[in-house]
Amino acid sequence: MAKQVTTVSDEGYSATNEIRDFETTVDANGEAAPDTLETLLAAYGSCYVPALRVGGQQRGVDDLGRIEIDIDGDLNDDDKLESVRFDVRVEADVDDDTGDEIIDRAFELCKVHDALKDSLHADTTFESNAF
């Protein structure tokens with residue numbers, strides 16, 4: 001199985017992403033839409049939510065209820081992502097040890113977390129005069 005996305009930019013730094021029957025816009029400058037790093041952080045958080053739910057179920061917490069994650073991405077001097085911090089809040093009453101176990105398991109399950117590794121690099125081709 002593979003995932004497929006088509007990204008199109010006619011000009012400037014904004015791009016439309018065609019994902020199945022959906023479209024999202026990302027603007028590298030963050031003027032017309034979320035910027036690239038905000039979009040990455042949103043994808044990370046969106047992936048971590050179901051991972052938390054499954055991790056909770058696997059650790060004896062059947063329903064975490066409402067989940068909110070404040071995600072902060074710290075940038076280096078080149079405006080590149082240097083670190084990510086999650087502040088997770090859940091509705092359920094969970095003791096600290098179980099919460100730590102759920103967090104650890106969620107990182108094991110989160111596909112975006114797994115994809116953010118040094119060994120992942122896009123194999124790339126380049127075609128000129130394509131349009």
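Going by an unreviewed UniProt entry, the protein chain carries the name OsmC family protein and comes from Natrinema gari JCM 14663.

In this model, helix α2 (residues 96-109) (14 residues) spans 20 Å end to end at C-alpha, consistent with the 20 Å of a helix rising 1.5 Å per residue. Where α2 is concerned, the buried positions are T98, G99, I102 and A106. Projected onto a plane normal to the axis of α2, the buried residues spread over an arc of 100 degrees and lie on a single side. Turned more than 90 degrees away from the buried face of α2 sit D96, D97 and E108, all of them exposed.

In the sheet, strand β1 (residues 6-8) pairs with strand β2 (residues 14-19) via three bridges, with the strands oriented antiparallel. What sits directly across from V8, in β2, is T16. Of the pairings in the sheet, the one linking β2 to strand β3 (residues 22-27) comprises six bridges and is antiparallel in character. Looking across to β3, one finds that A15 is bridged to V26. Connecting β2 to the antiparallel partner β3 that follows it, the hairpin turn spans two residues, and R20 within it adopts a positive phi of roughly 50 degrees.

Rules used throughout
- Residues numbered from 1 in each chain as written.
- Predicted model: local features only at pLDDT ≥ 70, side-chain atom pairs only at ≥ 80, totals over all residues.
- Heavy atoms only, no water.
- Helix = DSSP H or I, 4+ residues; strand = E, 2+ residues; numbered from the N terminus.
- Expected span 1.5 Å × (residues − 1).
- Buried < 20%, exposed > 50% of the residue type's maximum accessible area, 1.4 Å probe, protein only.
- Arc of directions from axis to C-beta.
- Pairing = 2+ DSSP bridges.

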